[in-house]
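An overview of the molecular structure
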Amino acid sequence: MTAEAFHLPRSIAEALDLLREHGDDVVVMTGGTLVMSAINGGQLFPRRLMSLKRAGIDQLRAENGRFEIGAAVTASRLASETDLPLLTQAAAGLGGPALRNQATIGGNLFAHAPYGDLGVALMALDAEVELTRKEGARTVPLADFFANGAAARRPDELVTALRVPRPSGETAWVRLGRRQAATAPVATAAVVIERDADGRCTAARIALGAAGPAPMRAREAEAALVGQPLDESTIEAAAQAAAIGCEPPTDALASSWYRQQMIPVVVRRALSQIAAAAPAGR
Amino acid sequence: MKQLGIVGQSVHRSDGLGHVTGRTTFIDDISYPHMLYISMVRSPVARGKIRSIDTSKAEAFPGVATVITAKDVPNNLYTILCLIGIGPNDEPVLAEDEVMYEGEPICAVVAESEEIAREAASLVKLDIEELEPVLDVEYALRPEAPKIKKWGTNTFTYDGKDHCQIRFGDVERGFAEADEIVTGTYQLSPIEHAPIETHVCVAKPEPDGRLTVHTNTQALYFTLDNTAIILKMPSNRIRMIGGTVGGGFGGKVDVLTEPITCIAALKTGRPVKWRWTREEETRCSSTRAAVKIEMTDGVMRDGRIVARKVRSLQDAGAYHRHSPYGAMKHMVNVVGPYTIPNVWVDVYCVYTNRQPSSAMRGFGVTEASFAVEVQMDRIAKAIGMDPWEIRLRNAYRNGDMRPFGKITEDATLIETIQAAAKLVGHELPPELAQMHSNDEGGYAAAQRATA
Amino acid sequence: MSAITVSFTLNGRATTLTVSPATTLLTALREHAQLTATKAGCSQGGCGSCTVLVNGEPTLACLTPLAHVEGQEVTTLEGITPVGGLHPLQKAFYDRFAAQCGYCTPGMIMAAKALLDRNPHPTREEIAAALSGNLCRCTGYLPILDAVEDVARQNGGGER
């Protein structure tokens, strides 16, 4: 049977009730960009559809130096209504303007690689994701959410918000595509670096996109940076280390092999951007 | 001179107003009441033996009218260019015993909506024994490669040979007397036309037994004739109506949607629409052929090219489509617009288990031009001559014999290069600027004298 | 077979359509409302041929479930075409040969309209960015940019 129902709950409570009632039969969407394209492409045949577009989770608030972003906030709004580095850059580069009016921050966490740039930015920003079930909400680091795959979300939970701290260091966003706009990335790097007065890295977070099934941290590259000045040899060591443990996807845009070669390139470019800018605080 | 009314004027497109208002009728804009839709089940593997096709679940799916397989096709084996004597017929409308490329059509699910057809198509069970595919043209020519075509080779047969050829003058003598030998290997990937409008066909059975067919084909009469042959139906019973094509570029000259849509309409007695998905358009329509061109030229220090030997492999993919003809166009154009007294060309139309290649904007010729012009730059570099000069010195002129046996009557290369130089502000030396396609002088005449 | 009923404003008219639950706005417009100007190019959000305006914002009709436009305002190319005339963008596309095969044209014009409604005199770069989600395989884009630039100039903005 083709789809029997389309649910458009007016609150998260209503959405959670529907989720509990229909369980595995429900495919959840927000903007629809992932789910509808899979349906149109003949890859997904849902019994029921539920959209969170009107469920009241589209607020965007800044408080105490962090952003609280509802899961239904679109990429367009992220680009125009927040001033968070990395996240605004990622949002502004997603698809074309019409797609950005539809794609949401919550939905993008469920994109298959190489899509999912918002998650890459959010991971470098050390964001947390809010998961809500009828009994209440819990917050998990985004890195854990991605690392745990399908197990990260319980079947009766919905992603309802992202909490994003403002980064204290310097940032760089480098996205390599086969054309300049409206294309999935070949490879993406989001970098946050903190440096001391001597120019040595005291903290580093590097997130990679299109490097594995989900956005991932380049822990070895981060380790190669901490305690070092951001000079050419450090950058090179970190760039090479970034490729360790990556399993990039193969698709029409790029082979896994090619993406593997490009991961050090995007990381090198990102770190070089930061190195070329005046160090923070000086 | 007579005052011209249209030439030199900017004239609005006759279809322009329709395009900007959205009132142009594209084939997908045509619908009939009570219409059915097709979704195609395609091969998941590049090469295999079909053990069985189980359509029972799809047929039982609510809203499915019928499922069409090879046995529903009156004349299942065809080749488009049978109309100009190319053969043997090698392509099944729907796969029977084997599949030859990933995406090859196997059976068509006909249902009340596209959504139903898609889901029902996903329920067809295919049992296919996967076989080693041939995916590379050089490998395809090696003795140990599996022979994928039913006639026992991986090449098209031209006059009993596994290639088509040009033999003109004596290339070995040309190489022996040359000052320099310049070689190059040129390869191109297949190219997809990527029209924004995918293939669409609408077929409507009329009460008098005739068919009305709307299609966005670029080749209406090829399509009419091939559809009539496949349906075993006189062509005067098929009213084939073309229309505005939403981008073709040669990608809509193969007969890929009409026969199946017509069979569905005849079998169900209802109008049927088949609109390809973007994935089908990209992965299952024809592409420009991938090619590998090996070129060896014998060159004199004064710039004359005295011999050219070419071995070129054209990847036809799994079936003929337009590739045997494209390979011949390639053969006559790989000499380029230059007069070379000694020429040897071997072009192979090679079959692989890849998406079939076919027509695309100058197919066979564009690939040759790419190789020839890069090669001209290499020759210029090898003998230290200006790239403009090397082309003008070797340019063909009226009266020159072409290697394929035709005397040149309409040469315009010299004038075109001179005009191009002017447009980009490149000043040619007087001797080159004064050349003319009707000149008897120059190297071409010298070559004619020595040939 | 199940169905849902969705009410919305379509080109200024109150409209109610009953469709199967997963039906997209694109299919609803073309097959249920018989408004065929909006085109299906890829149905994957990759080409922009199905661009319409929802509450004035450019939107991909192929990825929008019809259920999402309940109570919203949808505008298609038919809706901006004046009776017996042309919208300035349509005139400019016509005069500038910005339509070749014509298949991407409706989406292009709607994306351009969304831009000009928000920003009456954009730069060429802003025009290119606004049309970056719309693919054209024929023109090479330059006549399209010229056409939108013409209208921007008529809007009284000119170069900034």
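In this text, all values refer to a predicted model and were calculated from it rather than measured experimentally. (Residues numbered from 1 in each chain as written. Chains lettered and ligands numbered in written order. Predicted model: local features only at pLDDT ≥ 70, side-chain atom pairs only at ≥ 80, totals over all residues. Heavy atoms only, no water.)

Quick word on the overall build of chain A
As a reminder of what qualifies: Secondary structure elements follow DSSP: runs of H or I no shorter than four residues count as helices, runs of E no shorter than two count as strands, and numbering proceeds from the N terminus. Throughout, the radius of gyration refers to the C-alpha atoms, and the reference size of a globule is 2.2 Å times the residue count to the power 0.38. Per-residue accessibility, obtained with a 1.4 Å probe over protein chains only, is compared with the maximum for each type, and a residue is labelled buried under 20%, exposed over 50%, and partly exposed between these values. It only takes one pair of heavy atoms within 4.5 Å for two residues to be counted as in contact.
The helix and strand inventory of chain A stands at 11 helices and 12 strands. Since a compact globule built from 282 residues should have a radius of gyration of about 19 Å, the 19 Å found for chain A is in line with a globular shape. By principal-axis analysis of the C-alpha atoms, chain A measures approximately 60 × 45 × 30 Å. Taken across its 282 residues, chain A has 56% of its residues classed as buried. Counting contacts in chain A only where the partners sit at least 6 residues apart, residues at least 24 apart contribute 60% of the total.

Observations concerning the sheet that holds strand β1 (residues 5–7) of chain A
All names here are of chain A. Put simply, the rule reads: The pairing criterion is simple: DSSP has to find at least two bridges between the two strands. To obtain each axis, a line is fitted to C-alpha atoms, and for helices this fit is confined to the stretch in contact; angles are then taken between N-to-C directions over 0 to 180 degrees.
A sheet is described by the order of its strands in space; here three strands give the open sequence β1-β3-β2, paired in parallel fashion. Of all the strands in the sheet, just β1 and β2 (26–29) have a single pairing partner and so form its edges. Each strand of the sheet is rotated relative to its neighbour by a mean of 20°, with strand direction disregarded. Running at roughly 160° to strand β3 (residues 48–51), helix α1 (residues 12–22) makes contact with β1, β2 and β3 of the sheet. The strands touched by helix α2 (residues 33–40) are β2 and β3; relative to β2, the strand with the most contacts, the crossing angle is about 130°.

Describing the packing of aromatic side chains
Residue and element names in this part refer to chain B. Here is the rule: Planes of paired rings set the category: under 30 degrees apart is stacked, over 60 is edge-to-face and the rest tilted, where pairs are Phe, Tyr or Trp rings (Trp by its six-membered ring) whose centres lie within 6.5 Å. Two thresholds decide whether a charge sits over a ring: the Lys NZ or Arg CZ must be within 6 Å of the ring centre and within 35 degrees of the ring normal.
Across all of its chains, the model carries nine aromatic pairs over all chains by this definition. With a centroid separation of 5.7 Å and 80° between ring planes, the pair formed by Trp 151 and Tyr 351 is classed as edge-to-face. You can see Trp 151 sitting in the loop between α4 (137–141) and β9 (164–168) and its partner Tyr 351 sitting in strand β17 (residues 343–351), a full 200 residues away along the chain. When its relative accessible area of 0% is taken as the criterion, Tyr 351 is described as buried. Each ring, one from Tyr 325 and one from Phe 363, has its centre 5.9 Å from the other, and the planes form 65°; the classification is edge-to-face. Taken together, the residues span a long stretch of sequence, with Tyr 325 in helix α9 (residues 323–333) and Phe 363 in the loop between β17 and α10 (365–383) at a distance of 38 residues. Phe 363 gets classed as buried once you look at its relative accessible area, which sits at 10%. Note that Arg 167 overlies the ring of Trp 344, its terminal NZ or CZ placed 3.5 Å from the centroid.

A closer look at the sheet that holds strand β2 (residues 13–19) of chain C
Residue and element names in this part refer to chain C. Strand order in this open sheet of five strands is β2-β1-β5-β3-β4, and the pairing throughout is mixed. Strands at the two margins of the open sheet, each flanked by one partner only, are β2 and β4 (57–60). In this sheet, neighbouring strand axes are inclined to one another by 45° on average, regardless of whether the strands run parallel or antiparallel. Where strand β1 (residues 4–10) lies against strand β5 (residues 73–75), two bridges are found, and the strand directions are parallel. Bridge pairing in β5 places Thr 9 opposite Glu 73. Across the sheet, helix α1 (residues 25–32) lies against β1, β2, β3 (51–54) and β5, angled at about 100° from β2, the strand it touches most. On top of the sheet, helix α4 (residues 105–118) reaches β3, β4 and β5; it is set at about 35° to β3, its chief contact.

A word on helix α10 (residues 232–242) of chain A
Residues and elements named next belong to chain A. How we decide: Of all possible arcs, the one meant is that of the directions from the helix axis to the C-beta atoms.
Turning to α10, its buried residues number three or more, namely Thr 234, Ile 235, Ala 238, Ala 239, Ala 241 and Ala 242. The buried side chains of α10 occupy one side of the element, clustering within an arc of 165° when seen end-on. Facing away from the buried side of α10 by over 90 degrees, the exposed positions are Glu 232 and Ser 233. On the buried face of α10, the contacting elements are β11 (201–209), α9 (219–225) and α11 (256–276).

Points about the environment of Arg 137 of chain C
Keep this limit in mind: Contacts described as polar in this section are N or O atom pairs within 3.5 Å, which, within protein, must combine one atom able to donate a hydrogen with one able to accept it, while residues neighboring in sequence count only if both atoms come from side chains.
Turning to its location among the elements, Arg 137 of chain C is positioned in the loop between α5 (124–130) and α6 (142–154). Judged by relative accessible area, Arg 137 of chain C falls into the partly exposed class, the value being 38%. C-alpha separation for the pair Arg 137 of chain C and Cys 101 of chain C, spaced 36 residues apart in sequence, amounts to 8.7 Å. Once you skip the residues sitting within four places of it in the chain, Arg 137 of chain C turns out to touch Glu 192, His 193, Ala 194, Ile 196, Phe 249 and Met 360 of chain B. In terms of polar contacts, Arg 137 of chain C uses its side chain to reach the backbone carbonyl oxygen of Glu 192 of chain B, at 3.1 Å.

Quick word on the domain arrangement of chain A
Put simply, an interface is often sized by how much accessible area is lost when its parts join up. All names here are of chain A. Rules: Delimitation of the domains relies on an automatic or database domain assignment. By definition here, a salt bridge exists when the distance from a side-chain nitrogen of Lys or Arg to a carboxyl oxygen of Asp or Glu is within 4 Å.
Taken domain by domain, chain A holds domain 1 (5–51), domain 2 (60–165) and domain 3 (170–277). Domain 1 and domain 2 are separated by 18 Å when their C-alpha centres are compared. Counting residues at the interface gives 13 residues for domain 1 and 18 residues for domain 2. The tally of links between domain 1 and domain 2 comes to three salt bridges. The salt bridge involving Arg 20 is made with Glu 135; its shortest N-O contact spans 3.0 Å.

A word on the confidence of the model for chain C
The line we're drawing: pLDDT expresses how confident the predictor is about each individual residue, on a scale running from 0 to 100.
In the predicted model, chain C carries a mean pLDDT of 96, and 97% of its residues have values of at least 70. Taken over the whole predicted complex, pTM reads 0.95, whereas the ipTM for its chain interfaces reads 0.96.

Observations concerning the interface of chain B and chain A
Stated formally: Take the accessible area each of two parts loses on contact, using a 1.4 Å probe, and add the two losses: that sum is the buried area. Amino acids outside the nonpolar list (Ala, Val, Leu, Ile, Met, Phe, Trp, Tyr, Cys, Pro) and the charged list (Asp, Glu, Lys, Arg) are all regarded as polar, and Gly is one of them.
Listed per partner, the contact involves eight residues of chain B and nine residues of chain A. Note on chain B versus chain A: buried area summed over both sides is about 700 Å², and carbon and sulfur give 57% of it. In terms of surface lost to chain A, no three residues of chain B exceed Glu 115, Arg 118 and Glu 119 of chain B, which account for 62% of the buried area on that side. Put simply, chain B and chain A have one salt bridge between them. Between the two partners, chain B and chain A, sit two residue pairs in polar contact (both at pLDDT 80 or more). When grouped by side-chain class, the residues that make up the side of chain B that touches chain A number three nonpolar, one polar and four charged.

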